[in-house]
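Now for the letters of each chain:
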Amino acid sequence: MAADPRLLANAIRALSMDAVEAANSGHPGMPMGMADVATILWTEYLKHDPGDPAWHDRDRFMLSAGHGSMLIYSLLWLSGYARPTIADISKFRQLESPCAGHPENFMLEGVEATTGPLGQGFGMAVGMAIAERHLNASFGDDLVDHRTWVIAGDGCLMEGINHEAAGLAGHLGLGRLIAFWDDNRITIDGSTALSTSEDIPARYAAYGWHVAECDGHDFAEIRRAIDEALADPRPSLIRCRTIIGWGAPNKQGTSATHGAALGADEVAAARKQLVWESEPFEIPDEILAEWRAAGGRGAKAHGDWRARLAASGQREELVRRMEGGLPADSGISGWLDRLAAEPQKLATRKSSELALEAINAALPETIGGSADLTGSNNTKTKGQKPLTKEDYSGRYIYYGIREFGMAAAMNGMALHGGVIPYGGTFLVFSDYCRPAIRLSALQGVRVIYVMTHDSIGLGEDGPTHQPVEHLTSLRLIPNLAVFRPADAVETAECWQLALERRDGPSVLALTRQNLAQVRLERNADNLCSRGAYRLRAAAAARQVVLIATGSEVSLALAVADALEEQGIGADIVSMPSWSHFDAQDAAYRAGLLPADALKVSIEAGTTLGWERYVGPDGLAVGLDRFGASAPGDDVFRRFGFTAEAIVPQILARLKLQGDQ
Ligand SMILES: Cc1ncc(C[n+]2csc(CCOP(=O)(O)OP(=O)(O)O)c2C)c(N)n1
Ligand SMILES: [Mg+2]
């Protein structure tokens, strides 16, 4: 490199100070402290091509310390990406700019993931590194051969998820994962000495990582540490001793630089210290030219890769998988034919497994797994080999008891592309995954959560294991499809919908207990695609509409039978997905839930939200308390999930309405 890397790094420092100053909000300290490391990485090591940010075989760069977003915006612009422009950067943190407060994968190409919730970027990077090795095993070095680089701060390493993610990466021997730890010994509250005294290198060594150290402001040292990491077959942590806010003479090394504008005086002092004489948002031509030249480094490797791809017999398949299109037949149609011919009484977790048998045979891109509940979540199909350190071609991951780590890794896999991850745990432990589920939804990635033991119906394990509020709370997350299928047919249909949701995650809430098949005819259409549909129309004059989900659909059938015996007509609406139903037009929704009928919801969970469908005069049968430890049928009976308990409530409500 011709230019002094310090000058290149100072361009990052200047832009970061200027942008935060203009917004009067943001985090200058981290980009200024890590500018030297990032400059060496981006100008000398990172394999990328600003001309094609989506190049499939590019290295992935993960800014796990997302508050330092000006670091990546600076790197992208300086390297020559089409966006952000300098105008975008000058409007940092404003509505019209893609340079959001924290990096958003959907706002800028080159931002591989949404980061900011500390620790999750690191967790996603582990998933990216898994996806890379897995695809490498199928497509070979010629087509898939890249690294995943991470910048993580003290916070990312302190978060609990770091333990899960690093443990998994060490176990899987993900040698192409290299994480830089911005060891500046500062967090928001002040010195890290206030809150932590662990030996992080020893912790990483214990995980099976390689640990290198460097002075993060000494270019030769940075290169030496990276070279060591590249040479080591294990995942590497590079501890970079840095000074937060490096270059701001009065504030550097203190938490004052972490998350606030430096202020005009300090910016002026920093410019002096850095001998930086340009106006705000102006980068001297020769420095920008050096950056752009470095950005052009990858064009040749990209061109060579394109030539190899063009000549490869696997071209079409790799492109299909990376772009996320499904093959014409996902395998589900044949399985639905069989269910129509031979109805099954199965737990929906088992129905899910059987649907997966068909899906996994038809879709080479699925990668399953479970957080140590494989036999309970029914996530592993017969042909699936485990994905291991010795054999990355496997399509099943034993995540261990690492729910959050699993969910974050699945986000990373989906973001990487080329694979469709699904993973299981108990629905009650969706809480352990929840921050990552939220990021799946925000990022719009296709991750499929297989959440079994979906109600008090799981029985004996009792209230710690019985989800009550979970369906409600998951339905609150925007862009998350929550499916609670009622039988084997609905389970297969919901799997189809989850696979087709390319722009968002899905949760499949599945039972432990057996359920009779309620859908006996082979429908050409996927009835679950409308979120709710009339499973059975009233025989007598309709007075009631029963709306149920999952295991309570069978119960609704029994309730309807009892009502019909008394001459009270009752429709049964199965509603596997609120969000899909809400997306239907008003006529469809009103046709299913007419104003002139008493609407009754039945779901073994909290009732909050059901008033949306049953209306102010309706009845929501649910459970607004914790469950109990006993056989599932006994618990259902105890809490009133029987026709005998529900029918009188409906009769009383009808009488009340009649009296009015
Ligand atoms: C899960 C989570 N908790 C809290 C925060 C708020 N937060 C943002 S940065 C930060 C301090 C992080 O310290 P460090 O990683 O050392 O960053 P540095 O101050 O060195 O830039 C905190 C607590 C967050 N973004 N995510
Ligand atoms: Mg820090």
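Remember, it's a predicted structure, so these values are computed and weren't measured experimentally. Counting of residues starts from 1 at the beginning of each chain's written sequence and follows it residue by residue. All chains are assigned letters beginning with A, and all ligands numbers beginning with 1, in the order in which they are written. Only residues with pLDDT of at least 70 get local features here, since the model is predicted, and only at 80 or more are side-chain atom pairs given and counted; chain-wide, interface and lining totals rely on the full set of residues. In computing side-chain values, all of the structure's heavy atoms are included and hydrogens and water are not.

### A word on the overall build of the chain
Right, so step 1: Strands here are runs of E lasting at least two residues and helices are runs of H or I lasting at least four, both read from the DSSP assignment and numbered beginning at the N terminus. Helix and strand counts for the chain stand at 26 helices and 20 strands.
Right, so step 2: We compute the radius of gyration over the C-alpha atoms and compare it with the globule rule, which gives 2.2 Å times the number of residues raised to the power 0.38. Here the C-alpha radius of gyration of the chain, 28 Å, is about what a compact globule of 660 residues would show, namely 26 Å.
Right, so step 3: In terms of its C-alpha atoms, the chain occupies a principal-axis envelope of roughly 90 × 55 × 45 Å.
Right, so step 4: A burial count over the chain gives 62% of its 660 residues as buried.
Right, so step 5: Any two residues whose heavy atoms approach within 4.5 Å are treated as being in contact. Considering only intrachain contacts with a sequence separation of at least 6, the fraction spanning at least 24 residues in the chain is 78%.
Right, so step 6: Computed by Shrake-Rupley with a 1.4 Å probe, the accessible areas treat only the displayed protein chains as cover when residues are assessed. A total accessible area of about 23700 Å² is found for the chain, and carbon and sulfur atoms account for 51% of it. Only protein chains enter the area calculation, which uses a 1.4 Å probe; residues under 20% of their type maximum are buried, those over 50% are exposed, and those in between are partly exposed.

### Points about the site of ligand 1
Right, so step 1: Near residues are defined by distance, with any heavy atom within 4 Å of the molecule or strand qualifying the residue. The local shell around ligand 1 holds 15 residues, among which His67, Gly116, Gly155, Asn184 and His258 are the closest.
Right, so step 2: N or O atoms within 3.5 Å of each other form a polar contact, as long as, within protein, one can give a hydrogen and the other can take it, and as long as residues adjacent in sequence are counted only when both atoms are side-chain atoms. Residue isoleucine 186 places a main-chain N or O atom 2.8 Å away from an oxygen atom belonging to ligand 1.
Right, so step 3: Here ligand 1 loses 73% of its free accessible area of 590 Å² to cover by the protein chains.
Right, so step 4: Points on a 1 Å grid, built from protein atoms alone, make a cavity when a 1.4 Å probe fits but cannot get out and make a pocket when they are open with protein on both sides within 12 Å along at least 5 of 7 lines; residues with an atom within 4 Å of a point are the lining residues. Here the criterion for a molecule occupying a pocket or cavity is that more than half of its atoms lie within 2 Å of the pocket grid points. According to the grid-proximity analysis, the pocket containing ligand 1 is the second largest pocket.
Right, so step 5: Broken down by secondary-structure element, the contributors of at least two residues to the shell around ligand 1 are helix H6 (154-158) and strand S4 (186-187).
Right, so step 6: When residue character is reported, Ala, Val, Leu, Ile, Met, Phe, Trp, Tyr, Cys and Pro are called nonpolar, Asp, Glu, Lys and Arg charged, and the others, Gly included, polar. Here the shell around ligand 1 is composed, by residue class, of 6 nonpolar, 7 polar and 2 charged.

### Brief notes about the packing of helix H2 (residues 29-45) against helix H3 (residues 69-79)
Axes are the key here: two packed helices are described by the angle between their axes and the distance separating the axes.
Right, so step 1: Axis geometry follows a simple rule: fit a line to the C-alpha atoms, using only the stretch in contact for helices, then measure angles between N-to-C directions, giving values from 0 to 180 degrees. Two elements in contact, H2 and H3, have axes separated by 10 Å at closest approach and are oriented at 40°. The angle between H2 and H3 places the two elements in the oblique class. The hand of the H2/H3 crossing is right-handed. Two secondary-structure elements touch here, H2 through Met30, Pro31, Met34, Ala35, Ala38 and Trp42 and H3 through Met70, Leu71, Leu75, Leu76 and Ser79. Working rule for angles: under 35 degrees goes down as roughly parallel, over 145 as roughly antiparallel, 65 to 115 as roughly perpendicular, anything else as oblique. Crossing handedness: left-handed means the near helix sits turned counterclockwise from the far one by under a right angle, and right-handed means the same turn made clockwise.

### Some words on the pairing of strand S9 (residues 366-370)
Right, so step 1: Within S9, 5 of the 5 residues are buried, which leaves the element mostly enclosed by the surrounding structure.
Right, so step 2: Of the two faces of S9, both are covered, the one formed by Thr366, Gly368 and Ser370 as well as the one formed by Ile367 and Gly369.
Right, so step 3: By this definition, two strands are paired if DSSP reports at least two bridges between them. In this sheet, strand S11 (residues 420-426) lies alongside S9 in parallel orientation, the contact comprising 3 bridges. Among the inter-strand pairings, serine 370 is bridged to a residue of S11, identified as glycine 424.

### Section: the packing of aromatic side chains
Right, so step 1: Paired rings are identified among Phe, Tyr and Trp, the last through its six-membered ring, by centres lying within 6.5 Å, and are further divided according to the angle between planes into stacked (under 30 degrees), edge-to-face (over 60) and tilted (the rest). Under the defined criterion, the tally for this structure stands at 19 aromatic pairs.
Right, so step 2: Ring plane angle 65° and centroid distance 5.7 Å describe the contact between phenylalanine 429 and tyrosine 432, whose orientation is recorded as edge-to-face.
Right, so step 3: We classify tyrosine 432 as exposed; its relative accessible area is 52%.
Right, so step 4: Taken together through their ring pairs, the aromatic side chains of Trp578, Phe581, Tyr588, Trp610 and Tyr613 make up a single cluster.
Right, so step 5: By definition, being over a ring means that NZ of Lys or CZ of Arg is both within 6 Å of the ring centre and within 35 degrees of the ring normal. Lying across the ring of tryptophan 77, arginine 292 places its NZ or CZ 5.2 Å from the centre.

### Here we look at the nonpolar core
Right, so step 1: Take the buried residues of types Ala, Val, Leu, Ile, Met, Phe, Trp, Tyr and Cys, join any two whose side-chain atoms come within 4.5 Å, and each joined set is a nonpolar core. Ranked by internal contacts, the top residues of the largest apolar core, which has 76 residues, are Trp495, Val544, Leu546, Val559, Ile602, Phe641 and Ile650.
Right, so step 2: Beyond its immediate sequence surroundings of up to four residues, leucine 546 is in contact with Ala556, Val559, Ala560, Ala570, Asp571, Ile572, Val573, Val600, Ile602 and Ile650.
Right, so step 3: One finds Met124, Leu309, Met451 and Ile477 within the second-largest nonpolar core, a separate group that totals 71 residues.

### A short note on the state of the cysteines
Right, so step 1: Any pair of cysteine sulfurs within 2.5 Å is marked as a disulfide. Applying the stated criterion across every chain yields a total of 0 disulfides.
Right, so step 2: Of all cysteine sulfurs, the one in cysteine 214 lies closest to cysteine 240, which takes part in no disulfide; the gap is 3.9 Å.
Right, so step 3: Accessibility expressed as a relative area gives 0% for cysteine 240, which makes it buried.

### As for the layout of surface pockets
Right, so step 1: Space inside the largest pocket adds up to approximately 700 Å³.
Right, so step 2: At the level of elements, helix H13 (315-323) and helix H17 (403-416) are the ones that each hand at least two residues to the lining of the largest pocket.
Right, so step 3: When grouped by side-chain class, the residues that make up the lining of the largest pocket number 10 nonpolar, 9 polar and 8 charged.
Right, so step 4: Taken together, 23 residues line the second largest pocket, and the ones lying closest to its centre are Leu118, Gly155, Thr187, Ile188 and His258.
Right, so step 5: At the level of secondary structure, the elements contributing two or more residues to the lining of the second largest pocket comprise H6, S4 and strand S5 (190-191).
Right, so step 6: Considering every element that reaches the lining of the second largest pocket, the biggest residue donor is H6, with 4 residues.
Right, so step 7: Per-class residue counts for the lining of the second largest pocket are 9 nonpolar, 11 polar and 3 charged. Grid points are joined across faces, edges and corners, and a volume is the space filled by probe spheres set on the points.

### Looking at the sheet that holds strand S16 (residues 533-536)
Right, so step 1: Strand order across the open sheet formed by 5 strands is S16-S18-S17-S19-S20, with mixed pairing between neighbours. Looking at strand neighbours, the two that pair on one side only are S16 and strand S20 (619-621), the edges of this open sheet. Sheet twist, expressed as the mean angle between neighbouring strand axes with direction ignored, is 30°.
Right, so step 2: Pairing between strand S17 (residues 542-548) and strand S18 (residues 569-574): 6 bridges, direction parallel. Note that in S18 the partner of leucine 546 across the bridge is isoleucine 572.
Right, so step 3: Across the sheet, helix H26 (residues 643-659) touches S17, strand S19 (598-602) and S20, and the angle it forms with S19 is around 155°.

### Side note on the coordination of the magnesium ion (ligand 2)
Right, so step 1: Here a donor is any nitrogen, oxygen or sulfur atom (N, O, S) within 2.8 Å of the metal, with 3.2 Å used for Na, K and Ca; water is not among the atoms considered, so some sites may look incomplete. Coordination sphere of the magnesium ion (ligand 2), protein contribution only: Asp154 (OD), Asn184 (OD1) and Ile186 (O), at 2.1 Å.
Right, so step 2: If you list the donors of the magnesium ion (ligand 2) from N- to C-terminus, the spacing comes out as D-x29-N-x1-I.

### Considerations on helix H11 (residues 285-295)
Right, so step 1: Buried within H11 we find Ile287, Leu288, Trp291, Ala294 and Gly295. Buried residues of H11, seen end-on, are gathered within an arc of 120° and therefore sit on one face of the element. Opposite its buried face, H11 presents the exposed residues Asp285, Glu286 and Ala293, each directed more than 90 degrees away. Along the arc lie the directions from the helix axis toward the C-beta atoms.

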